[in-house]
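# Examination of the molecular architecture
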Amino acid sequence: MRILVLNSGSSSIKYKLFDMTERSVLASGLLERIGEATSSLTHGARNGRGEMTEIRKTGRIPDHRTGMRVIVEALSASGAKGNEPGLDGIGHRVVHGGEDFTEPTFIDETVLDVIRKNVPLAPLHNPANLIGIEVALETAPHLPQVAVFDTAFHQSIPPRAFHYAIPEEMYARYRVRRYGFHGTSHQYVAGRAAAFLKRPLESLNLITLHLGNGASVTAVEKGRCVDTSMGMTPLEGLIMGTRCGDIDPAVHFYLLRETGRTPDELDSLFNKESGLKGICGTNDMREVLEKAGAGDDRARLAVDMYCYRVKKYIGAYLAALGSVDALVFTAGIGERAAPIRELCCRGLTGLGIAMDPEKNRAGAAPPIEIQAEGSPVSILVIATDEELQIAEQTFALIRQREEAGNG
Ligand code: ADP
């Protein structure tokens with residue numbers, strides 16, 4: 001069984017083709033700068049000898065429709081045709097499922113309508129995801145297609161954690177509440193952590209830390225998400241590459257009045273110019289660490305603030321869960337920035353979280369455990385793989401339907 005995973009953004013389409021028998025990647029690629037003169041496709045595929053070979057094509061691709069055609073051609077050329085036997089289903093990443101989707105779902109007209117209804121909640125992402133789905137439905141109308149939502153895993157969060165303390169009308173009428181994002185990643189690493197610990201997920205309490213360009217923490221109780229740091233939008237919570245995370249909301253009103261900037265300009269200030277970039281001029285944690293190591297005060301402050309914020313969330317989620325079996329670090333920073341992991345856990349021994357600094361710094365490939373001997377809480381580093389999770393969920397749904405059809 002072969003599953004194609006599509007992640008369609010406003011000017012790009014990322015894709016990965018999986019062989020689900022072996023959970024292996026047959027082909028993958030990225031089409032960038034759709035609509036510009038310099039569109040480019042980077043496509044990698046496994047050849048007969050199992051080696052990945054890469055091709056690059058450049059030249060204007062005017063829209064997603066043409067983009068999908070180019071991708072299907074690239075896949076066909078490497079032996080996996082778009083709408084013929086060889087491909088069994090397509091899994092689409094969809095950013096915002098609102099309150100409507102708690103699980104992956106087969107795409108039909110009703111589902112498309114609900115994704116459209118949620119456009120105001122994710123005005124940049126959902127329309128781009130929708131274009132990808134619509135074009136894929138046109139290109140491969142007979143294939144089962146599944147939507148996997150970034151918000152779905154967080155739909156088990158109880159009202160006390162998802163409501164904001166504002167008048168009810170804002171929720172009832174405008175759907176203002178906390179939704180959370182990165183759900184696919186948190187769910188995936190929670191499952192991998194349970195496998196690593198050789199214990200059923202339903203018996204574990206976990207704090208999963210997705211520290212990439214975007215960053216969020218999730219409290220997972222017996223396999224179910226009970227709180228997460230991102231909110232109605234991905235702006236809330238941790239300090240990120242370019243997002244400020246938690247901030248007094250009154251700062252916005254103050255800056256509106258004092259600077260004369262428009263709401264859209266402030267949106268951009270908090271989402272694109274803040275976080276690590278706002279504090280020390282770069283959003284790339286490798287550079288931040290280098291600069292901090294070289295004695296740059298702003299970079300040191302950025303690292304200090306970043307880790308302090310993570311630590312506060314670890315404390316909060318420890319309290320929310322009552323007891324925790326493991327912390328799970330994942331994504332670019334979580335998987336690779338040992339000094340950040342160390343600072344996030346420093347001083348938490350009293351809470352049962354004790355790291356072994358040597359194991360942490362040894363640089364072994366994940367999955368690894370890096371807690372000190374006798375630490376009541378395990379500290380794991382697990383590589384996330386959102387595409388594989390989408391492929392798994394798509395595959396499971398197709399299998400379920402086939403089995404129901406046969407039974
Ligand atoms: P995205 O959210 O875009 O998928 P990633 O999960 O790839 O992002 O994470 C990107 C972040 O990971 C960047 O800040 C990058 O600097 C950081 N990163 C990647 N490798 C390392 C490393 N070896 N040391 C420190 N930070 C790293």
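Here's what I pulled together on the structure shown here. Please read all numbers here as calculations on a predicted model, not as lab measurements.

## Quick look at the pattern of salt bridges
Considering all chains together, one arrives at 19 salt bridges under this definition. Its salt-bridge partner being R65, residue E138 comes within 3.0 Å of it at the nearest N-O pair. Remark: R65 occurs in helix 1 (residues 64-77) and E138 occurs in helix 3 (residues 125-139); sequence separation between them is 73 residues. Under the relative-accessibility criterion, E138 is labelled partly exposed at 48%. Given a relative accessible area of 45%, R65 falls into the partly exposed group. E134 is paired through a salt bridge with R116; the nearest N and O atoms lie 3.2 Å apart. Taken together, the residues span a long stretch of sequence, with E134 in helix 3 and R116 in helix 2 (residues 109-117) at a distance of 18 residues. Ionic contacts of the salt-bridge type, sharing partners, join the residues D113, R116 and E134 into one network.

## Describing the sheet that holds strand 11 (residues 224-228)
Strand order in the open sheet formed by six strands is 11-10-9-12-14-13, and the pairing between neighbours is mixed. The open sheet is flanked by strand 11 and strand 13 (368-369), the only strands paired with a single partner. Here strand 13 runs beside strand 14 (residues 378-381); their pairing, made up of two bridges, is antiparallel. Directly across from E369, in strand 14, lies its bridge partner L380.

## With respect to the site of the ligand
Taken together, G212, N213, G214, N283, D284, M285, R286, A331, G332, I333, R336 and A337 are the residues near the ligand. R286 places a main-chain nitrogen or oxygen 3.3 Å from an oxygen atom of the ligand. Measuring from an oxygen atom of the ligand, one finds a backbone N or O atom of G332 at 2.9 Å. When the ligand is considered free in solution it has 580 Å² of accessible area, and contact with the protein chains removes 69% of it. Considering each element in turn, the shell around the ligand owes the most residues, four residues, to helix 12 (residues 331-336). Split into classes, the residues belonging to the shell around the ligand amount to four nonpolar, five polar and three charged.

## Notes on the side chain of S378
Turning to its location among the elements, S378 is positioned in strand 14. Among the residues examined, S378 registers a relative accessible area of 14% and is labelled buried. The contacts of S378, once residues within four sequence positions are left out, are L197, D325, A326, L327 and Q371.

## Looking at the layout of surface pockets
Its boundaries defined by the atoms lining it, the second largest pocket holds a volume of some 520 Å³. Around the second largest pocket sit 25 residues that line it, and P104, F153, Q187, Q389 and Q393 are the ones nearest its centre. Those elements giving two or more residues to the lining of the second largest pocket turn out to be strand 8 (145-149), helix 6 (183-197) and helix 15 (386-406). In terms of residues, the lining of the second largest pocket owes the most to one element, helix 15, which gives seven residues. Class assignment for the residues of the lining of the second largest pocket results in 10 nonpolar, 11 polar and four charged.

## What about the pairing of strand 8?
Of all five residues in strand 8, five are buried, a share of seventy percent or more. The side-chain alternation of strand 8 yields two buried faces, one formed by Q145, A147 and F149 and the other by V146 and V148. Pairing of strand 6 (residues 89-94) with strand 8, which is carried by five bridges, proceeds in the parallel orientation. Paired with V94 across the two strands is F149, which belongs to strand 8. When strand 7 (residues 105-106) meets strand 8, the two strands line up antiparallel, connected through two bridges. For F106, the partnering residue across the bridge sits in strand 8 and is V146.

Conventions and cut-offs
Residues numbered from 1 in each chain as written. Predicted model: local features only at pLDDT ≥ 70, side-chain atom pairs only at ≥ 80, totals over all residues. Heavy atoms only, no water. Salt bridge = Lys/Arg side-chain N within 4 Å of Asp/Glu carboxyl O. Helix = DSSP H or I, 4+ residues; strand = E, 2+ residues; numbered from the N terminus. Buried < 20%, exposed > 50% of the residue type's maximum accessible area, 1.4 Å probe, protein only. Pairing = 2+ DSSP bridges. Near = heavy atom within 4 Å. Polar contact = N/O pair within 3.5 Å; in protein donor to acceptor, adjacent residues only side chain to side chain. Areas by Shrake-Rupley, 256 points an atom, 1.4 Å probe, with all protein chains shown as cover. Nonpolar A, V, L, I, M, F, W, Y, C, P; charged D, E, K, R; others polar. Contact = heavy atoms within 4.5 Å. 1 Å grid on protein atoms, 1.4 Å probe; cavity = no way out; pocket = protein on both sides within 12 Å on 5 of 7 lines; lining within 4 Å. Points joined across faces, edges and corners; volume = space filled by probe spheres on them.

No statement about biological role is implied by the geometric values presented.
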